[in-house]
Amino acid sequence: MLSIGNVSLSNTEHRGDNYQSLFFAEYRFLFDSHQRFYSRTFYQKAKPTNLHHALTLGGVNGSRGYPANYVLGDEARGASIEYRYHSDLHFFNIIRLGCAIYLDAAVLDNDTFPIDNNGYAGEVLSSIGVGLRIASSKTHVGNVVHIDIAKPVGSAKNADSYQLLLRAENRF
């Protein structure tokens, strides 16, 4: 069994009074060569001067069960837990498969912009989902296609019952 943790703090300053600060912590626990547990938590604060620099939740940011940019604001916090399985399947000696089951929860505060935010009033946005991970063994190590299906849990005003997310990342 192997346990790996990572903590980071970053501060990004944009023009003028704009800024963003991010605290991010993640933890990985390897049960064996196939099974892994992954968790992450984040806190993000921004002072955006316009909507273009606002923090967002939805899509791949914070809670995968909601559409991209579902809510906008200036202070976000959240957490995710995942069970990951790396299979031995190696199709045509080219493609490796894995899967993930996850739970996301996040909150976004908006004290900056007078916007409706899809009727969002600061409640926890949580979602559950499953995902397929596809990696090529013949290309650069670290290119992984993520196909996720996530369902919002709890408040889901103006959100579909399910979200389908497709993206490429440099890790599982």
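No experiment lies behind these values; they were computed from the predicted model shown.

What counts and what doesn't
- Residues numbered from 1 in each chain as written.
- Predicted model: local features only at pLDDT ≥ 70, side-chain atom pairs only at ≥ 80, totals over all residues.
- Heavy atoms only, no water.
- Salt bridge = Lys/Arg side-chain N within 4 Å of Asp/Glu carboxyl O.
- Helix = DSSP H or I, 4+ residues; strand = E, 2+ residues; numbered from the N terminus.
- Buried < 20%, exposed > 50% of the residue type's maximum accessible area, 1.4 Å probe, protein only.
- Pairing = 2+ DSSP bridges.

S.K.: Teacher, can you tell me more about the pattern of salt bridges here?
M.R.: Any two side chains of opposite charge can pair, on the condition that their charged atoms come close. Applying the stated criterion to the full structure yields nine salt bridges. In this structure, Arg77 engages Asp109 in a salt bridge whose closest nitrogen and oxygen atoms are separated by 3.1 Å. Of this pair, Arg77 sits in strand β6 (residues 75-91) while Asp109 sits in strand β7 (residues 95-109), placing them 32 residues apart in sequence. For the salt bridge of Arg133 with Asp148, the shortest nitrogen-to-oxygen distance reads 2.6 Å.

S.K.: Could you clarify how one ought to interpret the pairing of strand β9 (residues 144-153) in this entry?
M.R.: Every other side chain in a regular strand lies on the same face of the sheet, so the side chains alternate between the two faces. The alternating pattern of β9 places Val144, His146, Asp148, Ala150 and Pro152 on a buried face and Val145, Ile147, Ile149, Lys151 and Val153 on a face that is not buried. Sheet topology places strand β8 (residues 125-136) next to β9; 10 bridges connect them, and they run antiparallel. Residue pairing across strands places Ser127 opposite Pro152, the latter belonging to β9. Relative to strand β10 (residues 163-169), β9 runs antiparallel, the two sharing seven bridges. Bridge assignment links Ile149 to a residue of β10, and that residue is Leu164.

S.K.: How do you make sense of the pairing of β7 when you look at a structure like this?
M.R.: Two elements, β6 and β7, share 14 bridges in a ladder whose sense is antiparallel. Directly across from His86, in β7, lies its bridge partner Gly98. Where β7 lies against β8, 12 bridges are found, and the strand directions are antiparallel. Looking at β8, one finds that Ile101 is bridged to Val130.

Take it as geometry only, folks, not as evidence of what the structure does.
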